Amino acid sequence: DAAVAAERLMDVMTAEFDVQGRSLNNSCSLGISIFPEHGADGETLIKNADAAMYSAKTYGRNNFQFFTSDMNAQVMERLTLENSLRLALAKKELFLVYQPQMDIASGRITGLEALLRWQHSELGLVPPNKFIRIAENSGLIAPIGEWVLRTACAQARKWQDEGLPAVTVAVNVSAVQFRQENFCEFVRRVLHETGLAEQYLELELTESLLLSSADLTLSLLRKLKSTGVMLSIDDFGTGYSSFGYLRQFQVNKLKIDRTFIRDVAVNPDDAAVTAAIISMAKSLRLKVIAEGVEHEAQMSFLRKNHCDEIQGYYFSKPLAVDEVADKLRGTAMHALSANHGA
């Protein structure tokens, strides 16, 4: 009965409605607790229904979930992590690792993706899939995102000053950051303060972020493009791509999501989608990078289909700051000797 009532409520909430001549759509997430199984008093029932609602949000929103004791444990863990995350920057528990991106034709490193890690003082290394969503939902993603951008740019400039080959550093941008009023000005300021030339910064934006409010996104992208930074679309193929908008976005690169690359050598559907993305990107004069490349069969497929770059354990795991310099020197020497041999 509760489920039927919840569905009826959701149907009403999601119906289109009119505000001052504009047609709007809404959605809702519902949490349900039942007396007496989930609590003997109103306060406990509401607390448990609230926990169930957060679970509904985690499962993609616009759905309902019933409370369980497991869910309550998850909520307590989430609250603990959120409280710790608020102190993580000040306590210097956050750090970056860098995963090299390789040009398939030359074997050279063309870029490094900055990846955020959290070394908690008591819990040890907390996986990104556990804390990134918490950071987004709690508003902490804004100050953390600013720290990531500034740290990555400063480090890229430091490597260049040490005489290492100049490569781009790619930084993921969250929807919250992207929609901040002065985001473009912040990017310009960071580049100026760190001394990194704009062509060596690449901002990775997810496909779903770009398409969520495409008209607003277009104007923001044009402002970012005017700064001279590189732009790429992350997780490409997982959202509802609009190729018309893709042409207007004027990005530099598409990153094919790892879910397609994983079985590209054995699954005809994944192979067809990946080949189509590469072909389409080429026709739009975009570079294509495949992430999550782990073995030779995937590499062989991507080489045969003229993919430009790869990222993944096949070439390199994410590296600590001091390991990056050795990797850059090593690939530069390898490329030099290969050219000399040619």
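Given the structure is predicted, the values throughout are model-derived calculations rather than measurements.

(A) Inspection of the packing of aromatic side chains at higher detail. Summed over the entire model, instances satisfying the criterion amount to three aromatic pairs. Centre to centre, the rings of F64 and F66 are 6.2 Å apart; their planes meet at 80 degrees, and the pair counts as edge-to-face. F66 sits in the partly exposed class, given a relative accessible area of 31%. Between W118 and F131 the ring centres are 5.5 Å apart and the planes differ by 80 degrees, which places this aromatic pair in the edge-to-face class.

(B) Molecular detail of unusual backbone geometry. F35 connects to P36 through a cis peptide bond whose omega is 0 degrees. With respect to the helices and strands, P36 occurs in the loop between β3 (30–32) and α2 (42–58). If you check the backbone angles, K92 has positive phi at about 60 degrees while not being a glycine. The topology assignment puts K92 in the loop between α3 (69–88) and β5 (94–103).

(C) Looking closely at the pattern of salt bridges. What the rule picks out here adds up to 18 salt bridges. With its nearest N and O atoms 2.7 Å apart, the salt bridge here joins K282 to D308. In this pair, K282 sits in helix α12 (residues 268–283) while D308 sits in the loop between α13 (296–304) and β13 (309–311), placing the two residues 26 residues apart along the sequence. On the accessibility criterion, K282 (35% relative accessible area) is partly exposed. By relative accessible area, D308 is classed as buried at 14%.

(D) View of the pairing of β5. Burial runs high along β5: nine of the 10 residues are buried. Here nine bridges tie β5 to strand β6 (residues 109–120), and the two strands are oriented antiparallel to one another. In the strand pairing of β6, F95 is matched with R117. In textbook terms, the turn of a hairpin is the stretch between consecutive antiparallel strands, and for β5 and β6 this stretch comprises five residues, one of which, G107, has a positive phi near 80 degrees. Two strands pair when backbone bridges link them, and β5 and β13 are joined in this way by three bridges, in the antiparallel orientation. By the bridge assignment for β13, Q101 is matched with Q311.

(E) Structural detail: a nonpolar patch on the surface. A contiguous nonpolar surface patch, about 230 Å² in accessible area, is contributed by F17, V19 and L24. Relative to the assigned elements, L24 resides in strand β2 (residues 22–24). For L24, a relative accessible area of 37% puts it in the partly exposed group.

(F) The arrangement of the pairing of strand β10 (residues 230–236) in detail. The buried fraction of β10 amounts to five of the seven residues, a majority that puts the element mostly inside the structure. Alignment of strand β9 (residues 201–206) against β10, held across five bridges, turns out to be parallel. Its bridge partner lying in β10, E204 is registered against S232. Here three bridges tie β10 to strand β11 (residues 253–256), and the two strands are oriented parallel to one another. The residue bridging S232 from the neighbouring strand is K253, located in β11.

(G) Quick look at the state of the cysteines. Tallied over the full model, the rule gives zero disulfides. Not part of a disulfide, C184 finds its nearest cysteine sulfur in C153, a span of 14 Å. Residue class for C184 comes out buried when judged on its relative accessible area of 3%.

(H) Region of interest: the side chain of N63. With respect to the secondary-structure elements, N63 resides in the loop between α2 and β4 (64–66). N63 gets classed as buried once you look at its relative accessible area, which sits at 15%. Among the polar contacts listed, one links the side chain of N63 to the side chain of Q65, at a separation of 3.2 Å. Those residues within four positions of N63 in sequence are excluded, and the remaining contacts are M10, C28, S29, L30 and A56.

The rules we used
Residues numbered from 1 in each chain as written. Predicted model: local features only at pLDDT ≥ 70, side-chain atom pairs only at ≥ 80, totals over all residues. Heavy atoms only, no water. Phe/Tyr/Trp six-rings, centres within 6.5 Å; stacked < 30°, edge-to-face > 60°. Buried < 20%, exposed > 50% of the residue type's maximum accessible area, 1.4 Å probe, protein only. Helix = DSSP H or I, 4+ residues; strand = E, 2+ residues; numbered from the N terminus. Salt bridge = Lys/Arg side-chain N within 4 Å of Asp/Glu carboxyl O. Pairing = 2+ DSSP bridges. Patch = residues over 30% accessible without salt bridge, like charges linked within 9 Å, V, L, I, M, F, W, Y side chains within 5 Å. Areas by Shrake-Rupley, 256 points an atom, 1.4 Å probe, with all protein chains shown as cover. Disulfide = S-S within 2.5 Å. Polar contact = N/O pair within 3.5 Å; in protein donor to acceptor, adjacent residues only side chain to side chain. Contact = heavy atoms within 4.5 Å.

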